Amino acid sequence: MQYRHDIRLYTLVLIAATIFGCTTTNVKVSDQFPVPLMPKMQVNLGIHLDDALKKFVYREKIANTGEWIIGVGAAQENMFVNLATGVFESYSLVSGPDQAAGMDGVLQPSIAEVQFSIPKQTRSKYYEVWLKYQFKLFDRQGNLVGEWSLPAYGKAHKQDYGSSGSALEAAALAACRDAMAFFSFNFEREPSIRQWLRSGKPIVPPTPAASPTTTPAANQTGPTTGIGIAHSDSNKPGV
Amino acid sequence: MNQLSRRTISLFPILVCTALCGCVTATVQQVREAETSLTANDSVVVLGRRNRPSSAETEIDFISCVSKKVSGGDIRVIPEQEFVDALFPWFEPRTAPLHNSDLPELIGQPLLAERIREIGLKYLIWIEGSTQRTNSAGSMSCSIAPGGAGCFGFLSWENDSSYEAAIWDARSGRTAGRVSSDAAGTSYMPAIVIPIPIIARVKNGACTSLAEQLLSFVKNKS
């Protein structure tokens, strides 16, 4: 008797969810990324991927289509490991921006913004995903060398995928690959990075607001030169 | 009698297919700019155009279809995704070469040239185009009653495929030629209780004709 009652209840919930659009589309971006085929930059960097990045999940409710959840965070470690393998001479994953022992500096990426659209919203045939990464590069004492943003975009034709979830996942994966491609070609072109690399990867003067450490590092191994650091934020989502 | 009925049974699927498949008209054109040849160690790759800011994209299934049919002709074809991954990030939508004039600089990069040599790539085939529904007419209504269900009406729609393949020589950095395939066909669906779809497989027709022409082009048989 209880069994029949449960079936009726589940059926009612299913019908209500279908009619009122109370569905949840949950996608997890694949962590399979290729290694960039690039001439390696003569730099040895630590990569700091914090929990906020590794557990990043984007949620949005769209009227009449339910809730959409995009799990981007789980793919980030493989993405940055493969990116660093292809782009830098050497790298290590580190636990903080001031953990650059034996390295030239630490790179800290984060996701600043996520946007997506579905064909129903744009009246197009594409699922689209925009990611805006924020990068910080610290010198070997944990002082901020430069900060810049990187917009990435991916799309997937609805006809090429069996479900809205798989199409959205493909669009998010394309956006991650686009971020890798953009980073591979433009890391050295970023004004603050270019200047730092050309100056021989020096230690920059600490700025109270930017430095992640409140106390200066114990062993200062390189010259402290006051190179000018330009913060650029010219790249916005919507490529 | 027994043999006749067996033959009828074996012909039945062909007859059903012939009856239920609409007509497709395909036209193929070719322009050759250079001589082509392939050895046993050479390979080709078929890529779909997905460059930005263009919003048009060639369907993934069409690229797979052409790749499959070309590889059926004794030619080593590298799957699109495998190629794009092997040369990442040079063939991403943001970075892929748009014009043939970009190719010499690209293959001049030592790392890329080495990888292209490793995979034995001889020709890059870029496919541009899509299949669109150009026209549709008619109406159909279906109803369900306690006694049964049924549909009544007539639907028809026309699909148009237009694709162009540019063949780039990955060793000389020059365009070897172009092959285009256009196909059109009308599909019908009459319904008297049961809807009977008579589908014109336009995209498949364009794929077959383009792949056959590409095969003879790269083997220099035309």
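From a predicted model like this one, the values you see are computed outputs, not experimental measurements.

Caption draft 1: Spatial organisation of the confidence of the model for chain B. A residue-level look at chain B finds 88% of positions with pLDDT of 70 or above and a mean pLDDT of 88. Reported for the predicted complex are a pTM of 0.81 and an ipTM of 0.81.

Caption draft 2: Broad picture of the sheet that holds strand β4 (residues 66–71) of chain A. Residue and element names in this part refer to chain A. Taken together, the three strands give an open sheet; going across it, the order is β1-β4-β3, and neighbouring strands pair in mixed fashion. Lying at the two open borders of the sheet, with one neighbouring strand each, are β1 (24–28) and β3 (57–62). With strand direction ignored, the average angle separating the axes of adjacent strands in the sheet is 10°. Packed onto the sheet, helix α5 (residues 164–186) meets β1 and β4 and runs at close to 40° relative to β1.

Caption draft 3: Quick look at the interface of chain A and chain B. Counting residues at the interface gives 24 residues for chain A and 24 residues for chain B. With both chains or domains summed, chain A and chain B bury close to 2000 Å², and 55% of this area falls on carbon and sulfur atoms. Our count for the contact surface shared by chain A and chain B stands at three salt bridges. For B:R94, the salt bridge goes to A:D178, with nearest N and O atoms at 2.7 Å. Those elements that provide at least two residues to the side of chain A that touches chain B are β8 (144–157) and α5 of chain A.

Caption draft 4: Layout of the pattern of salt bridges. Using the criterion set out here, one finds 13 salt bridges over all chains in the structure. Each member of the salt-bridge network shares a partner with another, and the members are A:R177, B:D85 and B:E92.

Caption draft 5: Here's a closer look at the confidence of the model for chain A. Residue and element names in this part refer to chain A. Predicted confidence across chain A gives a mean pLDDT of 84, with 77% of residues reaching 70 or more. Within chain A, helix α3 (residues 76–87) carries the highest mean pLDDT (98), whereas helix α1 (residues 2–20) carries the lowest (58). Per-residue pLDDT stays below 50 along residues 213–239; that stretch engages in 55 contacts with residues further than four places along the chain or on separate chains.

Caption draft 6: Structural view of the packing of α3(A) against α5(A). Residue and element names in this part refer to chain A. Running from N to C, α3 and α5 cross one another at 25°; their axes reach a closest spacing of 11 Å. On the basis of their axis angle, the class for α3 and α5 is roughly parallel. Crossing of α3 over α5 shows right-handed handedness. The residues of α5 that touch α3, namely those facing Q76, M79, N82, L83 and V87, are C176, A179, M180, F183 and S184. In the contact of α3 with α5, the residues fall into seven nonpolar, three polar and no charged.

Caption draft 7: Layout of the environment of B:G177. Residues and elements named next belong to chain B. With respect to the helices and strands, the residue G177 is situated in strand β6 (residues 175–195). Overall, G177 belongs to the buried group, its relative accessible area being 0%. Along the backbone, G177 and E114 are 63 residues apart, and their C-alpha atoms lie at a distance of 25 Å. If near-sequence neighbours (up to four positions away) are discounted, G177 is found in contact with V31, R32, E33, A165, A166, I167 and F217.

Caption draft 8: Layout of the sheet that holds strand β5 (residues 88–94) of chain A. Residue and element names in this part refer to chain A. Strand order across the open sheet formed by five strands is β5-β2-β6-β7-β8, with mixed pairing between neighbours. The open sheet has two edge strands with one neighbour each: β5 and β8. When the angles between neighbouring strand axes are averaged without regard to direction, this sheet yields 30°. As defined by bridge partners, strand β2 (residues 41–48) adjoins β5 across six bridges and the pair is classed as parallel. By the bridge assignment for β5, I47 is matched with L93. Seen against the sheet, α3 touches β2, β5, β6 (105–117) and β7 (126–139) and runs at an angle of roughly 150° to β5. The strands that α5 touches are β2, β5, β6, β7 and β8; relative to β8, the one it contacts most, it runs at about 145°.

What counts, and where the lines are drawn
Residues numbered from 1 in each chain as written. Chains lettered and ligands numbered in written order. Predicted model: local features only at pLDDT ≥ 70, side-chain atom pairs only at ≥ 80, totals over all residues. Heavy atoms only, no water. pLDDT = per-residue confidence, 0-100. Pairing = 2+ DSSP bridges. Helix = DSSP H or I, 4+ residues; strand = E, 2+ residues; numbered from the N terminus. Axes fitted to C-alpha atoms, helices over the stretch in contact; angles between N-to-C directions. Contact = heavy atoms within 4.5 Å. Buried area = accessible area lost by both parts, 1.4 Å probe. Salt bridge = Lys/Arg side-chain N within 4 Å of Asp/Glu carboxyl O. Parallel < 35°, antiparallel > 145°, perpendicular 65-115°, else oblique. Left-handed = near helix turned anticlockwise from the far one by under 90°. Nonpolar A, V, L, I, M, F, W, Y, C, P; charged D, E, K, R; others polar. Buried < 20%, exposed > 50% of the residue type's maximum accessible area, 1.4 Å probe, protein only.

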